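# Examining the three-dimensional arrangement
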Amino acid sequence: MSKTNSNNGELSKNKEYMETKNNNLESGKSSLEAADFETAISETHYGKFNYFLLLVALPACLSSQFDTSTMSYILSSAECDLNLDLVDKGNLNAVTYGGMIASAMGWGYLSDTLGRKKLLMYGYLLDGAINIFVSFSQTKISIMIFKFFSGFVICGPFAVLMSYLSELHGKNVRGRIMMAVGICFSVGNVLLPFIAWMILPLKFEYVLIENLFEIHTWQIFLAVCSIPPCLIAGILVAFLPESPKFLMSQGRNDEAMRVFRQIFSINTGKSPDSYPIKILVNEVKPIETISKIVQDDENPRRRDSQFVTNMKQFSVMFRKPHLSNSILVYVIQFGILFGLNSLRLWVPQLFSIISEYETDFPLVNNGGKGADLCTMMEAKVNKSLLMSASNSDLVVDGFEESICRDVTNAEVYEKAMILGAVTMVGYLITGSIINAVGNKIILIIGLIFSGSCGICLYFAKDSLSTLILSSLFVTTSSICSTALVSSTVSIFPTSLRTMIVSILMMFGRIGALLGNVMFPKLMETGCLPPFLMVGGTAIVCGVVCFLLPRTIKQPLK
């Protein structure tokens with residue numbers, strides 16, 4: 001009995017203290033002013049810790065980039081080994097996005113309730129393990145299955161990474177950090193074709209068990225690209241702290257303060273005790289906290305489960321003002337990735353089609369230079385249909401050709417490297433103007449411009465014009481996708497941020513999946529439809545972006 005009375009007395013004192021503290025804060029009588037997140041993170045300064053963050057972001061971004069892009073580079077070299085037609089190629093490009101779509105909601109919920117660091121670390125390590133099975137799969141079906149699970153796993157770390165990086169930087173540099181993340185992805189756009197250029201032309205084959213377990217060059221390429229970045233990212237994340245913004249949103253201010261002091265000490269070289277901020281604002285409402293303590297103390301059976309509490313918090317996104325904003329960003333991201341990843345993942349194949357056409361018709365069209373892209377695509381479609389119908393040889397203009405022939409022309413990968421380099425330059429330029437221009441203006445202008453480039457691909461006459469237009473389209477669309485994510489993390493509060501970003505990327509990946517399935521089917525109907533699809537969608541999204549709120553240097557909620 002005395003213990004119960006003592007607990008009630010302490011609870012009463014705590015309640016009185018919280019009420020007095022709140023009254024003092026409201027009247028300005030507090031001797032120590034509590035700092036909000038933006039003030040606290042700005043006092044940590046920018047230095048070695050932030051550079052290490054970007055170092056960790058590189059393999060993390062490469063993991064996500066390689067998971068979604070490696071298939072597009074093996075389609076030509078694995079065409080014969082896996083007996084692929086155009087639809088199979090579209091499915092291989094799209095299946096990773098199917099896994100991402102399936103897990104988007106779950107990853108967002110776990111991150112916003114359990115934290116960022118653990119999900120990043122375990123997510124990357126698990127994805128690396130799954131990619132071992134992807135690399136040594138022997139059939140297109142087994143590749144699709146393991147790529148689905150790879151997408152299922154990597155979806156979470158990508159969305160968590162965006163929230164995590166934004167929550168470790170102040171509002172003055174947050175937009176630039178998102179562009180720096182884009183540069184990391186563009187490094188992947190250069191590195192991936194470079195690795196392909198180094199490995200795929202080697203024509204390595206090793207037969208361990210005839211028709212059961214064989215190692216080809218394209219499998220080595222998958223292993224080199226997919227496994228090391230995931231493992232490196234998972235290991236490096238282990239050395240990072242939990243997001244202080246997340247800790248503050250959970251009422252764990254003591255832990256958040258330790259993180260701030262740690263970052264301050266690393267960046268400045270000073271003692272953690274010299275960190276100027278002494279008190280952090282309580283982002284959990286005191287009255288709600290006390291009510292929960294009373295409820296838990298008086299009747300433990302009435303205690304809400306963590307799941308029920310989080311579901312109540314999750315329901316906020318379906319009310320004003322978050323509902324309209326969330327629907328808006330979902331629609332825009334769907335359209336951006338519908339066009340971007342449809343064309344981006346087919347660019348290596350388009351270059352391969354050009355190279356193959358020039359090989360098949362060396363005399364008829366002067367090396368293919370007299371033909372436009374549509375003629376080359378039509379020849380590839382016809383050839384693919386014939387390959388599906390027969391395994392015999394095909395006679396083209398008096399020359400006997402094998403229907404199935406691996407195309408690993410080094411020029412294909414060189415053009416892809418140029419495209420990646422253009423994307424990197426685009427991110428560097430955007431990063432220097434993002435704070436002055438803002439994400440909204442970049443989205444509007446960028447999407448309308450990229451959509452115009454996508455439609456103009458229909459009129460491309462050779463590989464050079466195809467390279468220029470596809471580079472401009474992919475660069476501006478990629479920048480716009482990153483700008484939209486940057487806007488999203490500023491629009492929504494911490495308790496919803498990763499969930500919203502996860503759903504945002506889920507809608508984008510639905511668009512990417514549909515685009516990759518539709519693109520080869522539209523190629524079979526004609527040349528204009530696929531380019532009209534990717535270009536027109538981008539222009540429509542650019543117009544819709546006029547409805548977005550402005551987020552220039554907005555503090556995190």
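In this report, the structure presented in the accompanying data block is examined. Once a new chain begins, its residue numbering starts again from 1 and follows that chain's sequence as written. In keeping with the model being predicted, local features are shown solely for residues with a pLDDT of at least 70 and side-chain atom pairs are shown and tallied solely at 80 or more, while totals for entire chains, interfaces and linings include all residues. Side-chain metrics rest on all non-hydrogen atoms present in the structure, leaving aside hydrogens and water.

## Points about the side chain of S186
- With respect to the helices and strands, S186 occurs in helix α8 (residues 171–199).
- For every residue, the accessible area obtained with a 1.4 Å probe (protein chains only) is divided by the maximum for its type, and the residue is called buried under 20%, exposed over 50%, and partly exposed between those limits. Given a relative accessible area of 0%, S186 falls into the buried group.
- For this analysis, a polar contact is any N or O atom pair within 3.5 Å, provided that within protein one partner can donate a hydrogen and the other can accept it, and provided that sequence-adjacent residues contribute only side-chain to side-chain pairs. Within the structure, S186 has its side chain in polar contact with the backbone oxygen of I183 (distance 2.6 Å).
- Beyond its immediate sequence surroundings of up to four residues, S186 is in contact with G420, T423, M424 and Y427. Strands here are runs of E lasting at least two residues and helices are runs of H or I lasting at least four, both read from the DSSP assignment and numbered beginning at the N terminus. Every residue pair with non-hydrogen atoms within 4.5 Å of one another is taken to be in contact.

## A few points about the pattern of salt bridges
- Take a side-chain nitrogen of Lys or Arg and a carboxyl oxygen of Asp or Glu: if they are within 4 Å of each other, that pair is a salt bridge. Taken as a whole, this structure holds four salt bridges when the rule is applied.
- Between K89 and E79 there is a salt bridge, with its nearest N and O atoms 3.3 Å apart. With K89 in helix α5 (residues 86–114) and E79 in helix α4 (residues 79–82), this residue pair connects regions lying 10 residues apart in the sequence. Exposure class is identical for K89 and E79. Each is buried.

## Points about the packing of helix α3 (residues 48–74) against helix α7 (residues 140–166)
- A fitted line through C-alpha atoms represents every axis, and for helices the fit uses only the stretch in contact; the resulting angles, taken between N-to-C directions, go from 0 to 180 degrees. Closest axis-to-axis distance for the α3/α7 pair is 10 Å, and the angle between their directions is 150 degrees. Considered as vectors, α3 and α7 are oriented roughly antiparallel to each other. At the point where α3 passes α7, the crossing takes the left-handed sense. For the pair α3 and α7, contact is made by L53, A57, A60, C61, S63, S64, D67, T70 and M71 and by I143, K147, S150, I154, F158, L161, Y164 and L165, respectively. Between 65 and 115 degrees an angle is taken as roughly perpendicular, under 35 as roughly parallel, over 145 as roughly antiparallel, and anywhere else as oblique. Two helices crossing with the near one rotated counterclockwise from the far one by less than a right angle form a left-handed crossing, whereas a clockwise rotation gives a right-handed crossing.

## Things to note about the packing of α3 against helix α9 (residues 217–237)
- As a packed pair, α3 and α9 sit with axes 8 Å apart at the nearest point and diverge in direction by 155 degrees. In terms of axis orientation, α3 runs roughly antiparallel to α9. With respect to the hand of their crossing, α3 and α9 are arranged in left-handed fashion. Residues F52, V56, P59, A60, L62, S63, F66, T70, M71, Y73 and I74 of α3 touch α9, and the partners they reach there are W218, F221, L222, C225, S226, P229, C230, I232, A233, L236 and V237.
- Under this grouping Gly is polar, as are all residues other than the nonpolar Ala, Val, Leu, Ile, Met, Phe, Trp, Tyr, Cys and Pro and the charged Asp, Glu, Lys and Arg. Of the residues in the contact of α3 with α9, the class split is 19 nonpolar, three polar and no charged.

## Considerations on the nonpolar core
- Residues grouped as a nonpolar core are buried Ala, Val, Leu, Ile, Met, Phe, Trp, Tyr and Cys residues, joined through side-chain atoms within 4.5 Å. With 137 residues, the main nonpolar core has F221, F260 and L443 as its most contacted residues.
- In this structure F260 touches F37, A40, I41, T44, P244, M248, Y275 and L280, once residues within four positions along its chain are discounted.

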